[in-house]
Structures are given as structure tokens and as C-alpha cells.
2 protein chains.
Amino acid sequence: MELLKQRILQDGKVKEGGVLKVDSFLNHRMDISLLQEIGKEFRRRFPQPEINKILTIEASGIGIAAITAQYFNNADVVFAKKTKSKNLDGELYTVPVRSYTRGELFEVQVAKRYLDENDCVLVIDDFLAHGQALKGLMEIVRQSGAKLAGCGIVIEKGFQSGGEHLREQGVNLQSLAIVDSIEDGVITFRKD
Amino acid sequence: MELLKQRILQDGKVKEGGVLKVDSFLNHRMDISLLQEIGKEFRRRFPQPEINKILTIEASGIGIAAITAQYFNNADVVFAKKTKSKNLDGELYTVPVRSYTRGELFEVQVAKRYLDENDCVLVIDDFLAHGQALKGLMEIVRQSGAKLAGCGIVIEKGFQSGGEHLREQGVNLQSLAIVDSIEDGVITFRKD
């Protein structure tokens, strides 16, 4: 997605260790016009009319998923929680996930009543690196018996293994920008 | 907002101790069509053309703020973080806030570069009870020198003190549904 790549080049910041920060438009301040274009692009890449739910994970995925849902006939958005929340009760789908960046284990949780075998689910997240959170969300879809339409990612770090691994498994993974390398502060994208 | 009140009566769950749960449409599964109506209502109640930013707090506020921003000419949304995040660097506005429900202190944090004296800010959140989180967000607006246009809340617990206290201070607080009491499972709303 050319608009997104240009925005990453313009406003993304490369920090020590090749960390790419996009908090100026994606995960702290959100540019709503850009999110609308991202939502349209996800619809173009996932045209399946049976998609009726979008699953994401708190916190950064929520805004992207909410705007995107509007291009999926206002599909319901379910956002998984990372911690036991007072907003969650009843039976839960629960998957333990290891965060590479924080070096800790957390639980991805979704109330069972919001996902079942009658649903067709698009999983959305802002970043894909090692893919642990995304695999956790996919495991929840599997547990629920819902159909997985695919996974839509805004920015994939192509130099880490998560995306490649999922594609090898046959997952319909669509990343709107794949960063192949960050070297000496220079960001290189994979060709579409 | 009649549509919202009807939805709370229809799908809200009253738990022990008078806890109102709206995870079926607001803060776990999100009904995007309802959020659009909520966004339109916030616009109606905050018509000031100078509003250029919406400030909220992770996680439940994000989806509401993102959809609402569309009715404010796609105003930027900034969501405060509750924990030190790798997505945050540079100088921060930081306010300590006590959570009554979790009984713990946390820090509300916003990067200084996303809020300053040139901004006119609408603060949005899903719930208002004691008002600690909301006061933290307002304190960040104050620190930034931005103008506070007002605070928009989806559901206020009118039997707790947060809203009354803020109105006495002259804050332009607009709550789309004010719950005056929850007794024996019966929800009573304040008249508009």
C-alpha cells in the first residue's frame, strides 16, 4: 500500500536496534484519514462477503479494527484482552502468549459468547514481527470453531520470522507494508 | 441518547454489587453502527468548530474515539497509555491516577509532541464513575496548555460522585446515558 509506505518513510522513526516507531500516526496518535484508507485496502484484499467479525487485540489494534469494520458492513469488532478484566466474565477462550518485546507471558482472552462456529473472522493487528500475538488470536478462532478468513496486518517486519512461518502454513496473511530491512536508519520495503 | 439507553436496558448485564456490564456492545464486542450514532451525538453536543483533537485512554476508549473522530472532520485521536510503553519516548505528560475498581495506582501518559497550546481537545471515554481517569486526562490537557472543549462520556454512573464534581467545577461534561440507580437489577436513567 503505497500511501502507507510513504507515510512510514516520512513519519516513522528508526530507533536503536532497528526499532521502527509509528506512534505519530498509528499507535499513539492515530491519523483517522489514513486508517480509513487502510480499512478500504483490507476490504480490497479480503473481499469475502461472509466475513462478519473482526478480531483484534488491545490496545493498538482497536482503532484500526473499528475503522476497518465500516468497510465490512459494520462487522462486529471483538478485541481480545491481555489481562483478566472486570469486563470479562463467563466462559473464556484463553491462550498464553509470550511477548518478545516485553519478555513476559500474558494471556489472550475472549469471551466465548462472542465467537462461535457460525462466524467468519478477519484478524487485524497493527504490527507483525515474531507473530506470537497473531498466533494467539488465530488459536482463539480455531478453538471457537469459527472460519478464519485471513489475517490483515498494517506493518510486517519481514526480517523477522512470523509472517513467513504463517504463509508457509497456508494462512491468508495480508500485510499492507512489509519492511525487509532497517539498516543505518534506512527502511527498505518488500516489493508488492 | 435514547438509542443507547434502550441498548443498555436490552443488552447490559447487572452483576453483583450493582456493576453494569456492557461488554456485548461497547467494551469487548463493539457494535460499530451504535458507535457511529454515539459519534454523531457527541458532534451534536460539541459543535465547536475549533476542536481538532480527541484525547482518550486505552483500551476501551479507543474504538469510540476513532469512530467519533470521523464526525469531527477526522480529528486526530491521541490515546493515553496506562503503562510505560515501548511506543512512547521523548518527553511525556504524566499524571498518577488511582483506579477504584482495581485498587492500584497507574500513570496516564501522553507524548508531549502530540498535544500543545494550539490544540482544542475533546476528551472521550466509555465510563465515568469516580472520574479518576477522566481527571487525569483533563490534567494532561491542562499541562499541555491546550484548550479543553469538554468531556464526552458514553455511560455515567450518576450515583457516584465523579460527574457531579466535574460539573460543579464548570466542566462541559456530556454523558450520553446517566444511570441514576441500579437496584435489584433494575437500571434507572436520569431524565435528559
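In short, a report on the structure.

Calculation rules
Residues numbered from 1 in each chain as written. Chains lettered and ligands numbered in written order. Predicted model: local features only at pLDDT ≥ 70, side-chain atom pairs only at ≥ 80, totals over all residues. Heavy atoms only, no water. Least-squares fit on C-alpha atoms with pLDDT ≥ 70 in both. Contact = heavy atoms within 4.5 Å. Buried area = accessible area lost by both parts, 1.4 Å probe. Salt bridge = Lys/Arg side-chain N within 4 Å of Asp/Glu carboxyl O. Polar contact = N/O pair within 3.5 Å; in protein donor to acceptor, adjacent residues only side chain to side chain. Helix = DSSP H or I, 4+ residues; strand = E, 2+ residues; numbered from the N terminus. Pairing = 2+ DSSP bridges. Axes fitted to C-alpha atoms, helices over the stretch in contact; angles between N-to-C directions. Buried < 20%, exposed > 50% of the residue type's maximum accessible area, 1.4 Å probe, protein only. Disulfide = S-S within 2.5 Å. Core = buried A, V, L, I, M, F, W, Y, C linked by side-chain atoms within 4.5 Å. Phe/Tyr/Trp six-rings, centres within 6.5 Å; stacked < 30°, edge-to-face > 60°. Lys NZ or Arg CZ within 6 Å of the ring centre and 35° of its normal.

Describing the relation of the copies chain A and chain B
Taken as rigid bodies, chain A and chain B are interconverted by a rotation of 180° and an axial shift of 0.0 Å, the fit giving an RMSD of 0.0 Å. Such a combination of rotation and displacement between the chain copies is what one expects of a two-fold axis. In this assembly, 100% of the residues forming the interface of chain A have copies in chain B that are likewise at the interface, indicating an isologous arrangement.

Quick word on the interface of chain A and chain B
Taken together, the contact between chain A and chain B spans 44 residues of the former and 44 residues of the latter. Here chain A packs against chain B, burying approximately 3,600 Å² in sum over the two surfaces, 52% of which is carbon and sulfur. It is A:His28, A:Arg29 and A:Tyr114 that lose the most area in chain A upon contact with chain B, and together they represent 20% of the buried surface on that side. Between B:Arg113 and A:Asp23 there is a salt bridge; the shortest N-O distance is 2.6 Å. The tally of links between chain A and chain B comes to 21 residue pairs in polar contact (both at pLDDT 80 or more). Residue assignment for the side of chain A that touches chain B shows that the elements contributing at least two residues are strand 3 (29–30), helix 2 (32–45), helix 3 (60–69), strand 5 (76–80) and strand 7 (104–111) of chain A.

Considering the sheet that holds strand 3 (residues 29–30) of chain B
The seven strands lie next to each other as 11(A)-10(A)-9(A)-8(A)-4(A)-5(A)-3(B), forming an open sheet whose pairing is mixed. In this open sheet, the two strands that pair with only one neighbour each are strand 11 (186–189) of chain A together with strand 3 of chain B. Both strand 4 (residues 53–57) of chain A and strand 8 (residues 120–128) of chain A contribute to a ladder of three bridges, which runs parallel. Paired with A:Lys53 across the two strands is A:Val121, which belongs to strand 8 of chain A. Along the sheet, helix 3 of chain A makes contact with strand 4, strand 5, strand 8 and strand 9 (147–157) of chain A together with strand 3 of chain B, crossing strand 4 of chain A at roughly 165°.

Side note on the pattern of salt bridges
All names here are of chain B. Across all of its chains, the model carries 28 salt bridges over all chains by this definition. The partner of Arg-45 in a salt bridge is Glu-41, with the nearest N and O atoms 2.8 Å apart. Of the two residues, Arg-45 and Glu-41 are both situated in helix 2 (residues 32–45); the distance of four residues between them amounts to about one turn of the helix. The exposure classification of Arg-45 matches that of Glu-41, with both residues buried.

Focus: the state of the cysteines
Considering all chains together, one arrives at zero disulfides over all chains under this definition. B:Cys120 takes part in no disulfide bond, and the closest cysteine sulfur, belonging to B:Cys151, lies 12 Å away.

Here's the deal with the nonpolar core
Ranked by size, the top nonpolar core spans 78 residues in total, and within it A:Leu4, A:Ile38, B:Leu4 and B:Ile38 carry the most contacts. Leaving out residues up to four positions away in the same chain, A:Leu4 has contacts with A:Phe25, A:Leu34, A:Ile38, A:Val154, A:Leu176 and A:Ala177.

Considerations on the packing of aromatic side chains
By the definition in use, this model includes zero aromatic pairs over all chains. Above the plane of the ring of A:Phe106 lies A:Lys82, whose end atom (NZ or CZ) is 5.7 Å from the centre.

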